[in-house]
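Residues per chain are reported as follows:
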Amino acid sequence: MIFQTALYIAKQDEPYTKFESLLNLQKENGVKILHGKSNRSACKEMIHTLAEVIRQDVRNILAKSNFLSGMCDGSEARKSREEKELVYVKIVLEGKPACFLLKCQRMRDFGGTDAKAVQNAFIGAFSSYGVDIIDQDSRKVISVCADGASVNMGAINGAMVTLKQHIPSLLIVHCSLHKFELSVSDAYKNSSDFKHVDDLMMSLFYLFRNSGKNWRMMLLIAERMGVSIRRFPKVHGTRFQSHRERGLRVLLYNYCALLLFLENAMETRGLVTPGMKAKMNGYHRKMLQYEFVGCVAIYHELLQTTAHVTYVFESDSTLVTDIYDALEECHDKLIEISSREELALPAAPGSFECKRPDDSDAITVMKTTATNLPSRLVLRESEKLTETQRNNLKNKLVKEVTHSQEFELKSVTTGERKVQHVKTKLVQDIDACIAKRFDSLSENDVIKSMVIVDHTRWDPTDDNYGMREIDTISEHFSESLSKYKFNLPEAKTEFVKLKKLQEISHYQKQTDFLVKGVPISSGHS
């Protein structure tokens with residue numbers, strides 16, 4: 001029980017000081033706790049013991065593994081601002097891919113953050129688990145994966161490139177997830193219209209984070225409207241897609257309440273600085289333009305489409321063929337969005353009511369209760385108001401609540417043309433950026449040959465299918481395979497048998513469907 005509590009503290013990243021209070025809670029529930037083991041020092045000792053047991057398990061797994069791949073990524077600690085290097089290992093465990101974090105290396109222990117220090121940190125992480133990837137176990141390491149920073153992938157002195165001098169057959173892979181993130185980021189940053197939206201989201205984040213009064217007014221407006229709102233997130237982060245997609249989603253969700261807030265903020269003396277008031281006036285005018293709302297909706301829809309690819313790449317079990325399939329599916333979806341003529345504006349809960357009369361160049365986006373609230377009174381503590389002020393406030397709020405108001409998006413015809421142009425260009429840019437960064441997949445013969453691991457792509461009617469790929473892979477990793485007495489003719493014979501088995505399995509599924517009505521699975525069996 002005590003060890004399980006210590007493990008919970010470690011997994012949840014809780015402070016050691018919480019250990020004692022958790023054990024006291026268990027005592028009150030009738031659990032008997034060993035005396036003298038309910039303090040933070042005991043918790044620290046137990047966590048270290050558990051960590052050593054886990055490390056020993058990983059050592060045993062790596063010792064029994066025939067092959068492994070390494071991964072590394074650098075980052076800066078938020079509190080100490082120290083450079084760290086995370087080193088992972090990926091192996092096949094009981095027929096399934098498994099990923100383990102080996103070590104979080106402190107780069108100052110290796111003399112800095114240059115390529116040589118990164119390489120030493122990478123090698124040292126494996127050495128701490130009894131794996132010598134330079135000499136004794138060099139045949140085990142078949143590939144390394146890292147981001148495209150020059151310290152890793154530099155053509156002359158990059159850490160991974162110089163590592164290949166010790167392991168000639170090493171396959172160096174630029175992280176697909178990192179490449180895709182950069183591709184989408186490059187495409188969006190080429191759009192000047194997106195920059196205006198990005199600046200607005202950042203301004204809103206700091207506006208409400210730095211002023212509790214502004215956020216209280218926003219909450220009050222939402223309450224009078226009868227809608228819910230969400231906090232504006234910080235959109236500038238390492239993950240471009242996830243941060244911007246969340247920011248755009250919240251912006252659309254809060255859109256109508258935000259319009260009313262901007263009106264009230266501009267009318268309320270002393271709530272914001274003159275400079276911010278002028279900026280709010282510009283935002284308010286912009287947000288009432290159809291072009292702006294349309295661009296926000298398009299940006300959000302496209303980010304949702306590309307985010308699906310990110311989810312595929314994040315999986316530990318992702319195959320090379322999954323990358324090809326995800327990119328192809330993303331391309332088809334982008335083309336579909338680009339070819340769509342009409343734009344369906346998103347509906348914010350309880351606020352949007354899109355109507356466009358035939359003879360009008362404006363769309364009514366909202367019909368709700370107006371909330372031009374006396375914020376100078378409302379935002380003060382209620383107990384600090386006099387009886388007269390409270391009565392006046394109550395009467396004024398009742399009058400305001402009975403008044404209706406409509407917001408319109410203007411310049412619809414011009415905006416539709418602009419949004420269509422932005423959409424077409426952005427889709428082309430995303431496609432071009434993805435194709436540019438993923439060219440290396442189609443240029444590397446070893447990576448292309450690995451499509452044979454996906455049995456759904458096998459052609460059972462072609463007896464020679466897969467033979468060329470097997471030759472390419474076995475030739476590249478010949479030194480590593482020779483350690484385990486790899487026999488090329490036997491491997492080809494086994495592959496032919498697997499194709500026959502897959503053909504029989506598919507025939508059996510067809511028979512079951514015809515006889516029993518069992519549907520044929522289109523996924524991986």
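Residue indices follow the written sequence of each chain, beginning from 1 at its first position. Only residues with pLDDT of 70 or above have their local features reported here, since the model is predicted, and side-chain atom pairs are shown and tallied only from 80 upward, although totals for entire chains, interfaces and linings are computed over all residues. Hydrogens and waters are ignored; side-chain quantities use all the structure's heavy atoms.

Trainee: Explain unusual backbone geometry to me, please; I cannot follow it from the model alone.
Mentor: Only a minority of non-glycine residues have a phi that is not negative, and only a minority of peptide bonds are not trans. With a phi angle near 55°, Asp-13 is a residue other than glycine that sits in the positive phi range. Following the sequence through the fold, Asp-13 ends up in the loop between helix H1 (2–11) and helix H2 (18–28). Helix numbering and strand numbering both begin at the N terminus, where a helix is a DSSP run of H or I of at least 4 residues and a strand a DSSP run of E of at least 2.

Trainee: Looking at this structure, how should I read the side chain of Glu-263?
Mentor: Here Glu-263 shows up in helix H11 (residues 255–267). On the accessibility criterion, Glu-263 (14% relative accessible area) is buried. Polar contact is the term for a pair of N or O atoms within 3.5 Å; when the atoms are in protein, one must be able to donate a hydrogen and the other to accept it, and sequence-neighboring residues count only if both atoms are side-chain atoms. There is a polar contact of 3.4 Å between the side chain of Glu-263 and the side chain of His-284. Under the scheme applied here, a residue whose accessible area is under 20% of the maximum for its type counts as buried, over 50% as exposed, and between as partly exposed, the area being computed with a 1.4 Å probe on protein chains only.

Trainee: For this particular structure, what's the right way to read the sheet that holds strand E5 (residues 171–174)?
Mentor: Strand pairing in a sheet is mediated by backbone hydrogen bonds. Such pairs are either parallel or antiparallel. Strands sit in the order E3-E2-E1-E4-E5 across an open sheet of 5 strands; the sheet is mixed. Bordering the open sheet on either side are strand E3 (96–106) and E5, each of which pairs with just one other strand. Strand-to-strand, the axes of this sheet are offset by a mean angle of 20°, without reference to chain direction. Bridging between strand E1 (residues 68–76) and strand E4 (residues 141–146) involves 4 bridges; their strand directions are parallel. Pairing of Ser-69 across the sheet is with Ser-143, part of E4. On top of the sheet, helix H4 (residues 115–127) reaches E1, strand E2 (83–93), E3 and E4; it is set at about 45° to E2, its chief contact. At least two DSSP bridges between two strands are required for those strands to pair. All axes are obtained by fitting lines to C-alpha atoms, using only the stretch in contact for helices, and the reported angles, taken between N-to-C directions, cover 0 to 180 degrees. Contact criterion: two residues are considered in contact whenever any of their non-hydrogen atoms come within 4.5 Å of each other.

Trainee: Help me understand helix H3 (residues 40–64) in this model?
Mentor: Given 3.6 residues to a turn, an α-helix orients residues that are three or four positions apart in the same direction. For H3, with 25 residues, the first-to-last C-alpha span of 37 Å sits near the 36 Å given by 1.5 Å per residue. Of the positions making up H3, those classed as buried are Ala-42, Cys-43, Met-46, Ile-47, Val-58 and Leu-62. Against the buried residues of H3 lie H1, H2, E1, E2 and E3. For H3, the N-terminal cap is Asn-39; the gap from its side-chain oxygen to the backbone nitrogen of Ser-41 is 3.2 Å. How far a helix is expected to stretch is found by multiplying one less than its residue total by 1.5 Å.

Trainee: What is the right way to look at the pattern of salt bridges in this model?
Mentor: When charged atoms on two side chains of opposite charge get close, those side chains can pair. The working definition used for a salt bridge is a side-chain nitrogen of Lys or Arg within 4 Å of a carboxyl oxygen of Asp or Glu. Counted according to the given criterion, the structure contains 21 salt bridges. Among the salt bridges present, the one from Glu-314 reaches Arg-239, with a minimum N-O distance of 2.7 Å. With Glu-314 in helix H13 (residues 290–314) and Arg-239 in the loop between helix H9 (212–225) and helix H10 (240–253), this residue pair connects regions lying 75 residues apart in the sequence. Taking the relative accessible area as the measure of exposure, Arg-239 reaches 31% and is therefore partly exposed. Through salt bridges with shared partners, a single network forms among Glu-52, Arg-55 and Arg-59.

Trainee: Looking at this structure, how should I read the layout of surface pockets?
Mentor: Any empty space left between the atoms is revealed when a probe the size of a water molecule rolls over them. Using protein atoms alone on a 1 Å grid, points that fit a 1.4 Å probe yet trap it form a cavity, whereas open point sets bounded by protein on both sides within 12 Å along at least five of seven lines form a pocket; residues with an atom within 4 Å of a point count as lining. Grid points are joined across faces, edges and corners, and a volume is the space filled by probe spheres set on the points. Within this model, the second largest pocket holds a volume of roughly 900 Å³. Forming the walls of the second largest pocket are 22 residues, and the residues nearest its centre are Ala-10, Ile-47, Ala-51, Arg-55 and Leu-101. Of all the secondary-structure elements, those providing two or more residues to the lining of the second largest pocket are H1, H3 and E3. Looking at the lining of the second largest pocket, the element that brings in the most residues is H3, giving 8 residues. Throughout, the ten residues Ala, Val, Leu, Ile, Met, Phe, Trp, Tyr, Cys and Pro are labelled nonpolar, Asp, Glu, Lys and Arg are labelled charged, and all others, Gly among them, are labelled polar. Of the residues in the lining of the second largest pocket, the class split is 14 nonpolar, 2 polar and 6 charged.

Trainee: Hey, could you run me through the packing of H13 against helix H17 (residues 412–437) in this one?
Mentor: Packed helices, taken two at a time, are described by their axes: the angle between them and the distance between them. With their axes 8 Å apart at the nearest point, H13 and H17 run at an angle of 25° to one another. It follows from the interaxial angle that H13 and H17 lie roughly parallel. Judged by the twist between their axes, the crossing of H13 over H17 is right-handed. In this structure, H13 contributes Tyr-290, Glu-291, Gly-294, Cys-295, Ile-298, Tyr-299, Leu-302 and Thr-306 to the contact, and H17 contributes Val-412, Gly-415, Glu-416, Lys-418, Val-419, Val-422, Lys-423, Leu-426, Val-427 and Ile-430. Of the residues contributing to the contact of H13 with H17, the split by class is 11 nonpolar, 3 polar and 4 charged. Roughly parallel covers angles under 35 degrees, roughly antiparallel covers those over 145, roughly perpendicular covers 65 to 115, and oblique covers all other angles. For a crossing to be left-handed, the near helix must be turned anticlockwise from the far one by less than a right angle; the clockwise case is right-handed.

Trainee: Sorry if this is basic, but what is going on with the pairing of E3 here?
Mentor: Consecutive side chains along a regular strand alternate between the two faces of the sheet. As defined by bridge partners, E2 adjoins E3 across 10 bridges and the pair is classed as antiparallel. If you follow Tyr-88 over to E3, its bridge partner there is Leu-101.

Trainee: Just to check I follow, could you spell out the packing of aromatic side chains for this structure?
Mentor: Two aromatic rings are characterised by how far apart their centres lie and by the angle between their planes. Within 6.5 Å between ring centres, the rings of Phe, Tyr and Trp (the latter by its six-membered ring) count as paired, and their orientation is classed by plane angle as stacked under 30 degrees, edge-to-face over 60, tilted in between. Under the defined criterion, the tally for this structure stands at 14 aromatic pairs. Between the aromatic rings of Phe-194 and Phe-240, the centroid separation amounts to 6.1 Å while the plane-to-plane angle is 55°, which identifies the pairing as tilted. Of this pair, Phe-194 sits in helix H8 (residues 192–209) while Phe-240 sits in helix H10; the two residues are 46 residues apart in sequence, bridging distant segments of the chain. According to the relative accessible area criterion, Phe-240 is buried, its value standing at 5%.

Trainee: Got a minute to help me understand the confidence of the model for the protein in this structure?
Mentor: Low pLDDT means the predicted atomic positions in that stretch should not be read closely. For the protein, mean pLDDT is 80; residues scoring 70 or higher make up 83% of the total. The quantity known as pLDDT measures the predictor's confidence residue by residue, on a range of 0 to 100. Ranking the elements of the protein by mean pLDDT puts helix H15 (residues 375–378) last with 36 and H4 first with 92. Across residues 348–352, where pLDDT falls below 50, the model places 17 contacts with residues more than four positions away in sequence or in other chains. Considering only residues more than four positions removed or in separate chains, one finds that residues 513–525, a stretch of pLDDT under 50, has 17 contacts.

Trainee: I tried to follow H2 on my own but got confused; where do I start?
Mentor: Residues of H2 that are buried include every one of Phe-19, Leu-22, Leu-23 and Gln-26, and no others. Taken around the axis of H2, the buried residues stretch over an arc of 95°, which confines them to a single face. The inward-facing, buried residues of H2 contact H1 and H3. Immediately beyond the C-terminal end of H2, within one or two residues, lies Gly-30, with a positive phi of roughly 95°. Arc definition: it is the arc formed by the directions from the helix axis to the C-beta atoms.

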